[in-house]
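Take a look at the letters that make up each chain.
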Amino acid sequence: MSNNNSALGSKIKGIRESRNLSVEEIAESSGLTVDQINSIENDENLPSLGPLIKIARAMGVRLGTFMDDNDALGPVICRAKDREKESSISFSNGAVDARKHMEYHPLAQQKAGRHMEPFVIDINPEDKTEFNLSAHEGEEFIYVMNGEVEIEYGKEKYTLHEGDSIFYDSIVKHHVHGAPGKSAKILAVVYIPF
């Protein structure tokens, strides 16, 4: 399976440049540092979804714009057999160690004008117990397809098993990860108001 990280960094840089925005302007608008923006654009490190959402908002585009392939106006079908062949996007679990703990498989890259971002996400096992929580506008829905998932949400921690789901406001600081040492696969739908 190919990885789409390099295309993602290049696409972000291309969109920024097409809008005549400097890295400094995006950093100021998003609350991220110039180094973080450069690192993302140069494919050195892809952070969690939160910083990418901040960059999208600073540029005035949907998060999906960074991942779009085409602009289909009608329904978009993503077949399971094709999804496994499609490229995926891995986000690191923190800028410090740049370990990849989640692999995102977008389900609607061709759908133009969408307001929701659906993904199947493979969560790799970790032994970490401390995570950097992040927040962004919108809502998230997660359904556990297999494995065991922990969601830190504010001061609470929730454990979900196969068949469990959670729906939450993503403005509250949160982090999604596998239970210690366990992998999982989830269906996640992220809504980000534009």
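About the criteria used
- Residues numbered from 1 in each chain as written.
- Predicted model: local features only at pLDDT ≥ 70, side-chain atom pairs only at ≥ 80, totals over all residues.
- Heavy atoms only, no water.
- Helix = DSSP H or I, 4+ residues; strand = E, 2+ residues; numbered from the N terminus.
- Buried < 20%, exposed > 50% of the residue type's maximum accessible area, 1.4 Å probe, protein only.
- Contact = heavy atoms within 4.5 Å.
- Core = buried A, V, L, I, M, F, W, Y, C linked by side-chain atoms within 4.5 Å.
- Pairing = 2+ DSSP bridges.
- Salt bridge = Lys/Arg side-chain N within 4 Å of Asp/Glu carboxyl O.
- Polar contact = N/O pair within 3.5 Å; in protein donor to acceptor, adjacent residues only side chain to side chain.

Asker: I keep staring at the overall build of the protein and nothing clicks. Help me out?
Answerer: The number of helices and strands found in the protein is 5 helices and 8 strands. When the helices and strands of the protein are placed in sequence order, the string is α-α-α-α-α-β-β-β-β-β-β-β-β. Going through the 194 residues of the protein one by one, you find that 47% of them count as buried. Residue pairs in contact within the protein that sit at least 24 positions apart in sequence constitute 67% of those at least 6 positions apart.

Asker: Is there a simple way to explain the nonpolar core in this structure?
Answerer: Nonpolar side chains in soluble globular proteins tend to end up buried together. Formed by 37 residues in total, the largest nonpolar core has its most connected members in I55, F66, V176 and I186. Top contributing element to this core by residue count: helix α4 (residues 49–59), with 6 residues. Other than its neighbours up to four places away in sequence, F66 contacts L8, K11, I12, I15, L52, I55, A56, M59 and V61.

Asker: Can you help me understand α4 in this one?
Answerer: Every α-helical turn comprises 3.6 residues, leaving residues that sit three or four positions apart pointing alike. Most of α4 sits out of view: 8 of its 11 residues are buried. When α4 is considered as a whole, its buried residues turn out to be L49, G50, P51, L52, I53, I55, A56 and M59. G60 sits one or two positions beyond α4 and adopts a positive phi of about 75°.

Asker: What's the story with unusual backbone geometry in this structure? I'm lost.
Answerer: Glycine aside, a negative phi is what most residues show, and trans is what most peptide bonds show. Phi at N20 takes a positive value of approximately 55°, unusual for a residue other than glycine. On the secondary structure map, N20 appears in the loop between α1 (5–18) and α2 (23–30).

Asker: Quick question: what am I supposed to make of the pairing of strand β7 (residues 174–178) here?
Answerer: The two faces of the sheet receive side chains in turn, since in a regular strand these alternate between them. Within β7, 5 of the 5 residues are buried, which leaves it mostly tucked inside the rest of the structure. Residues H174, V176 and G178 line one face of β7 and the alternating positions H175 and H177 line the opposite face, and both faces are buried. Bridge count between strand β4 (residues 139–153) and β7: 5 bridges; the pairing is antiparallel. For E150, the partnering residue across the bridge sits in β7 and is H177.

Asker: Would you take a moment to explain the pattern of salt bridges for this structure?
Answerer: Side-chain pairs of opposite charge can arise where the charged atoms are in close proximity. All chains considered together, the criterion is met by 6 salt bridges. Between R16 and E41 there is a salt bridge, and its shortest N-O distance comes to 2.6 Å. Here the residue R16 occupies a position in helix α1, and E41 occupies one in helix α3 (residues 34–41), the gap between them amounting to 25 residues. Of the two residues, R16 and E41, both sit in the buried class. A single network of salt bridges, built from pairs that share partners, joins R16, E17 and E41.

Asker: How should the side chain of H136 be read in this particular structure?
Answerer: Considering the arrangement of structural elements, one finds H136 in the loop between β3 (116–123) and β4. Residue class for H136 comes out buried when judged on its relative accessible area of 5%. Polar side-chain contacts of H136 include one of 2.8 Å to the side chain of E140.

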